[in-house]
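# What the coordinates show
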Amino acid sequence: MRPIVAALAAEIVCFAVITIRLRLFPTGKRARMMTFSHLALLPLVPALYYLISPDLCVLPFSMIPMDHWIAVAFSIFLYSAGFFGGILQLYNLADRGFSLRILIDLYENPSGRMSLDEIMTGYSQGRGIDWMYKKRIQGMVSQGLLLLGDGSVSNTEKGKRAAVLFSRLRRWFKFPAVSPAGHA
C-alpha cells in the first residue's frame, strides 16, 4: 500500500507542477517539457516512500513489505505508468484532440449546431481546418520530419523512418487503411 500512496502523491505533485508550468511558461514543446518534469520529479518517489509511515498508521505488521527496493521500484513503475498513461495522455487529448475540438466548438456555438461547412471553417474558435493542418505540418517541420518547398511537402529521412515504422505497426495491429476521403 505504501508504494501506491508514494506514487499517487508524486503524481499529484507532477500534475500540479506541469499545470503551473504550462500556464506560466507556454511552450510549443509541451510533451517534451512534461516528460522532463516527470523525470525531474522522479527522485521524489523514493523520498516520499521513505517519508510515509511503513504501516500507514493502520496496517498490521504482516502487511509491511521487507524488500524496500522492490517496493520503491514498484512505486517508480506506478508513477511512470500514471504519467505516461494518464497525465501525458490527458494533456495530449485536451491539446491535440481533433474530435474533442469539434465537440467543444459545437458546445461553444450558441445554437449548439453547426453545418459541416461551419465546422470546417469554424474549427478551433474560427481558425479553420486549414489552420489545424498548417499547425500540424509546421510541428512536423520543426521536429525534422517534413520539408517544405516549392508548394509541396516531403518526408525527411527521419520522417520516412517514422512512416515505415508506423505503417508496419498499423499492418501488424490490423488497423484499417484510411482513404483520403476518410473512409476505411
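Our structure is the block above this text.
Okay, so let's go over this structure.

Rules of the game
Residues numbered from 1 in each chain as written. Predicted model: local features only at pLDDT ≥ 70, side-chain atom pairs only at ≥ 80, totals over all residues. Heavy atoms only, no water. Helix = DSSP H or I, 4+ residues; strand = E, 2+ residues; numbered from the N terminus. Buried < 20%, exposed > 50% of the residue type's maximum accessible area, 1.4 Å probe, protein only. Areas by Shrake-Rupley, 256 points an atom, 1.4 Å probe, with all protein chains shown as cover. Expected span 1.5 Å × (residues − 1). Arc of directions from axis to C-beta. Salt bridge = Lys/Arg side-chain N within 4 Å of Asp/Glu carboxyl O.

## Describing the overall build of the chain
The secondary structure content of the chain amounts to eight helices and two strands. Its helices and strands taken in sequence order, the chain reads α-α-α-α-α-α-α-β-β-α from the N to the C terminus. Evaluated residue by residue, the chain yields a buried proportion of 24% over its 184 residues. Here the chain has roughly 13,100 Å² of accessible surface; of this, 67% comes from carbon and sulfur atoms.

## Here we look at helix α1 (residues 2–24)
In this model α1 runs 33 Å from its N-terminal to its C-terminal C-alpha over 23 residues, within 8% of the 33 Å that 1.5 Å per residue would give. Turning to α1, its buried residues are R2, P3, A6, A7, A10, E11, C14, I18 and L22.

## A few points about helix α3 (residues 44–51)
All buried positions along α3 are accounted for by V45, L48 and Y49. The buried residues of α3 occupy an angular sector of 105 degrees when projected down its axis, which confines them to one face. Those residues of α3 that are exposed and aimed more than 90 degrees away from the buried face are Y50 and L51.

## Side note on the pattern of salt bridges
Taken as a whole, this structure holds one salt bridge when the rule is applied. We note a salt bridge from K160 to E157, for which the minimum N-O separation is 3.3 Å. Of this pair, K160 and E157 both sit in helix α8 (residues 157–172), three residues apart, which is roughly one turn of that helix. Classification of K160 by relative accessible area gives partly exposed; the value is 41%. Assessed through its relative accessible area of 51%, E157 is described here as exposed.

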